[in-house]
Amino acid sequence: MDWFEKYLGIVKDFLIELGVPAEQGTLAAMGLIYLAMTFILLLLVLLLVKRVRRGRGASADDSTGTAGEVVETKPADSDAVAETVEPEAAEPVTGPTTFPAGGEAPGEIEAPVEEAAEPPVAAEPPDLRPPAPAQPAEPASMFERLRQGLNKTRSSLVGRVDALLGSHARLDDEFIEELEEILITADFGMQATQELVKALTIRAAAAEAGDPRRLKAILAGEIRARLDFGPIAQHDWQQVPLVIMVVGVNGVGKTTTIGKLARQFSDQGKKVILGAGDTFRAAADQQLQVWGERAGAEVITHAEGSDPSAVAFDAARAAVARKADVLILDTAGRLHTKVNLMEELRKMRRVLNREIPGSPHETLLVLDATTGQNALLQARKFQEVVEVTGVALTKLDGTAKGGIVVAIASQLQLPVRYVGVGEGAHDLRPFDADEFVAALFQAD
């Protein structure tokens, strides 16, 4: 190590001359030597990598140079392809013929002959054209997207029902008890579960359907009956704009639901105006403006912290003045236990009704399906305050407890207007009881 100490002393003296304190000279010298060695090592690695790449390139050139000879002639039309000419040697060429990415064949290339009596023709010329691009898969139908979104619920509910049917030979107390457990676990709720089991028992006895395998269709029919609220009243588009007031607690997806609804109405050719009535949450209006740009909808906003009823007033005036077809009003995410905040919703409804008589025509309560029975508590309170007319149930694809749809409809007598089964704009779909039951119970 004498040589190291020698060079270390030289570097140390050099650094001290440059102004480094003497007591730090040794440490500074070692640091400088370390940096120099690191730089040299990195340089060697880069040179080695470059040399390896050159070697691989040379190997690739050598491998393509062994291919057979190909003559490219100018075809008479655009669909003609280059023809392969057998080499002059009598022995056949063995091994695969490789072609570079540029489209020219390796080996010697003969110049095309302008006046040839009869160009050589191969028996079966190879097709050198690039393969046709794969046809894109057809998008899944609306029903298939619903089925995919309900996969978790179908596995939890129908899968367990099938297992129950396969393990019981008749309808007995044990069968009923296990069926109740399955329904409650799927978030049908106690009331809806008891109603379903009672109706199932009566119908099975009347139809002499003692075989549990026949009970599945009866169960599907009873669920379907509890989801049917009849046809939705049609809005007169020629009179006033359709006004939809969207309410719900924080985090359930109100703004996203509004954006998807706006996109769907715009796709139908409707002129849409959005009212950014959530003036309490920071950047809520910016988020709504992003959705408005995607949907081609105008957004009416006020400063953060301003009166939400003032936004409702301006949005209603703008919808009438600009002859909009649809006005969708966002609201702040209120806890259903906060009385003063819920009173603000009543005030907004009064403002809307004063400016556009009869509005809001739809008060849409957005609920998160993953919250289960807590969604029922929210729905009850909002229903008391703002006269909820329908429910949009989001994140149904993220839960195995899709029975909450039946619980809401059965216990609160509230129709489910929309269900969200994905992230896309068209994954928020109008609820159809027949489709919902078919998506749950229809076999693959």
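Before going into details, it helps to say that this report is about the structure given with it. (Residues numbered from 1 in each chain as written. Predicted model: local features only at pLDDT ≥ 70, side-chain atom pairs only at ≥ 80, totals over all residues. Heavy atoms only, no water.)

1. Looking at the packing of aromatic side chains
Right, so step 1: Applying the stated criterion across every chain yields a total of one aromatic pair.
Right, so step 2: Here Phe431 and Phe436 contribute two aromatic rings whose centre-to-centre distance is 5.4 Å and whose plane-to-plane angle is 55°, an arrangement assigned as tilted. Each member of the pair, Phe431 as well as Phe436, carries the same accessibility label: buried.
Right, so step 3: Across the ring face of Trp291, the terminal group of Arg294 is positioned such that the distance to the ring centre comes to 4.7 Å. (Phe/Tyr/Trp six-rings, centres within 6.5 Å; stacked < 30°, edge-to-face > 60°. Buried < 20%, exposed > 50% of the residue type's maximum accessible area, 1.4 Å probe, protein only. Lys NZ or Arg CZ within 6 Å of the ring centre and 35° of its normal.)

2. Examining the sheet that holds strand β5 (residues 362-368)
Within a sheet, each strand pairs with its neighbour through backbone hydrogen bonds, oriented either parallel or antiparallel.
Right, so step 1: On the basis of which strands lie adjacent, the open sheet formed by eight strands has the order β3-β2-β4-β1-β5-β6-β7-β8 and mixed pairing. Pairing within the sheet leaves two strands with one partner each, and these edge strands are β3 (298-300) and β8 (428-430). In this sheet, adjacent strand axes meet at a mean angle of 25° when their direction is disregarded.
Right, so step 2: Here strand β2 (residues 272-277) runs beside β3; their pairing, made up of three bridges, is parallel. Paired with Ile273 across the bridge in β3 is Glu298.
Right, so step 3: Along the sheet face, helix α8 (residues 254-267) touches β1 (242-247), β2, β4 (326-331), β5, β6 (390-394), β7 (416-420) and β8 and points at about 175° away from the line of β4.
Right, so step 4: The strands that helix α9 (residues 284-295) touches are β2, β3 and β4; relative to β2, the one it contacts most, it runs at about 170°. (Pairing = 2+ DSSP bridges. Helix = DSSP H or I, 4+ residues; strand = E, 2+ residues; numbered from the N terminus. Axes fitted to C-alpha atoms, helices over the stretch in contact; angles between N-to-C directions. Contact = heavy atoms within 4.5 Å.)

3. Notes on the pattern of salt bridges
Right, so step 1: In total, this model carries 18 salt bridges according to the counting rule given.
Right, so step 2: Linking Lys381 and Glu384 is a salt bridge whose minimum nitrogen-to-oxygen distance equals 3.8 Å. One end of the pair is Lys381 and the other is Glu384, both in helix α12 (residues 374-386) and three residues apart, which spans about a single turn.
Right, so step 3: Since its relative accessible area comes to 30%, Lys381 is described here as partly exposed.
Right, so step 4: Looking at Glu384, the relative accessible area reads 56%, which means it is exposed.
Right, so step 5: Among the charged side chains, a network of salt bridges with common partners joins Glu195, Arg203, Glu222 and Arg226. (Salt bridge = Lys/Arg side-chain N within 4 Å of Asp/Glu carboxyl O.)

4. So, a nonpolar patch on the surface
Right, so step 1: Among the surface-exposed residues, Phe39, Ile40, Leu43, Leu44 and Leu47 lie close enough to one another that they form a single nonpolar patch of about 530 Å² accessible area.
Right, so step 2: By the secondary structure assignment, Leu47 is in helix α2 (residues 25-64). (Patch = residues over 30% accessible without salt bridge, like charges linked within 9 Å, V, L, I, M, F, W, Y side chains within 5 Å. Areas by Shrake-Rupley, 256 points an atom, 1.4 Å probe, with all protein chains shown as cover.)

5. Description of the pairing of β7
Right, so step 1: Most of β7 sits inside the fold, with five of its five residues counted as buried.
Right, so step 2: Bridging between β6 and β7 involves three bridges; their strand directions are parallel. Across the sheet, residue Ala392 finds its bridge partner in β7, namely Tyr418.
Right, so step 3: Handedness of the crossover is the feature at issue here: the chain leaves β6, passes through helix α13 (residues 404-412), returns alongside β7, and the resulting connection is right-handed. (Right-handed = clockwise from strand over helix to strand, strands pointing away.)

6. Quick word on the nonpolar core
Right, so step 1: If you look at the biggest cluster of nonpolar residues, it comprises 99 residues, and the most contacted ones within it are Leu227 and Ile328.
Right, so step 2: Among residues more than four places away in sequence, those in contact with Ile328 are Ile244, Val246, Ile258, Leu261, Ala262, Phe265, Val272, Ile273, Leu274 and Gly275. (Core = buried A, V, L, I, M, F, W, Y, C linked by side-chain atoms within 4.5 Å.)

7. A look at the side chain of Arg349
Right, so step 1: If you trace the backbone, Arg349 turns up in helix α11 (residues 339-355).
Right, so step 2: Under the relative-accessibility criterion, Arg349 is labelled buried at 17%.
Right, so step 3: Aside from chain neighbours lying at most four places away, what touches Arg349 is Met245, Ser359, Pro360, Thr363, Val386 and Glu387.

8. Considering the environment of Ala192
Right, so step 1: Relative to the elements of secondary structure, Ala192 occurs in helix α6 (residues 189-206).
Right, so step 2: When its relative accessible area of 0% is taken as the criterion, Ala192 is described as buried.
Right, so step 3: Sequence separation between Ala192 and Ala409 is 217 residues, and the spatial gap between their C-alpha atoms is 9.2 Å.
Right, so step 4: Sequence-distant contacts of Ala192, defined by excluding residues within four places in its chain, comprise Val406, Ala407, Ser410 and Gln411.

9. With respect to helix α5 (residues 173-185)
Right, so step 1: For α5, spanning 13 residues, the distance from its first C-alpha to its last is 18 Å, which sits close to the expected 18 Å at 1.5 Å a residue.
Right, so step 2: Among all positions of α5, only Phe175, Ile176, Leu179, Ile182 and Leu183 are buried. Seen from one end, α5 has its buried residues packed into an arc of 125°, which puts them on one side. For α5, exposure combined with an orientation more than 90 degrees from the buried face picks out Asp173 and Glu177.
Right, so step 3: Asp187, located one to two residues past α5, shows a positive phi value of around 70°. (Expected span 1.5 Å × (residues − 1). Arc of directions from axis to C-beta.)

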